[in-house]
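So you can see what is in the structure, the chains are spelled out below.
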Amino acid sequence: MKHLISKEGFEKFKAEWEHLKYVERPAMINQVQAAAAEGDRSENAAYTYGRMRVREIDRRLRELDRILDGAQIVENAATKDGSIRFGATVKMVDKKTKREKVYSIVGDKEIDPLQGRISMKSPIGEALQGKKAGDTVEVQAPRGKIVYEILEVNY
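Quick summary incoming for the structure in this document.

Parameters at a glance
- Residues numbered from 1 in each chain as written.
- Predicted model: local features only at pLDDT ≥ 70, side-chain atom pairs only at ≥ 80, totals over all residues.
- Heavy atoms only, no water.
- Helix = DSSP H or I, 4+ residues; strand = E, 2+ residues; numbered from the N terminus.
- Buried < 20%, exposed > 50% of the residue type's maximum accessible area, 1.4 Å probe, protein only.
- Polar contact = N/O pair within 3.5 Å; in protein donor to acceptor, adjacent residues only side chain to side chain.
- Salt bridge = Lys/Arg side-chain N within 4 Å of Asp/Glu carboxyl O.
- Pairing = 2+ DSSP bridges.

1. Looking at the side chain of Ser122
Note that Ser122 resides in the loop between strand S5 (117-119) and helix H3 (123-128). By relative accessible area, Ser122 is classed as buried at 18%. Among the polar contacts listed, one links the side chain of Ser122 to the backbone oxygen of Ser119, at a separation of 2.8 Å.

As structure tokens, this is what we get:
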């Protein structure tokens, strides 16, 4: 199943896959082999931890394989009319509190709300789609309706 992803997000996941596959996993395999050579495996914490860590690495590699294989890379190109779509970075201000927020619209696999990376499918992402700098948007949040004014749109 295809999913949208930014070029930067794809490169980040690819670098993580390569690091796990070619650096961390071989190092853990060596550690497990060295621990196994020490003898009794039932009471060997290094052996038990190493095997558990190899399983975690393998699980993450499978997850990254699914992400990378199903990725449809979207180039961040500005729209002619300046409207917001996938890949946009939007600076806006809460009309009530006057606090500024900056959000980047990214794919579902790349979201990180603490870093301001939100999905197009999030309430804010959906409200922003198609809007332009100077527009006002209303977002229904758990604490009630929030009204934002869009200050800037960049790609």
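Now, onward.
2. Overview of the pattern of salt bridges
The tally for this structure, following the rule as stated, stands at twelve salt bridges. Arg53 serves as the salt-bridge partner of Glu56, at 3.4 Å between the closest nitrogen and oxygen. Highlighted residues: Glu56 and Arg53, both in helix H2 (residues 45-69), separated by three residues, approximately one helical turn. Glu56 sits in the partly exposed class, given a relative accessible area of 32%. Residue classification places Arg53 among the buried residues on the basis of a relative accessible area of 19%. For Glu100, the salt bridge is made with Lys91, and the minimal N-O distance between the two is 3.5 Å. Accessibility expressed as a relative area gives 49% for Glu100, which makes it partly exposed. Overall, Lys91 belongs to the partly exposed group, its relative accessible area being 28%.

3. Thoughts on the pairing of strand S6 (residues 136-141)
Because side chains alternate across S6, one face comprises the buried residues Val137, Val139 and Ala141, and the other comprises Thr136, Glu138 and Gln140, none of which is buried. Judged from the six bridges that link them, S6 and strand S7 (residues 144-154) form a sheet pairing that is antiparallel. Bridge pairing links Val139 to Ile146 in S7. Hairpin connection, S6 to S7: the antiparallel pair is bridged by two residues.

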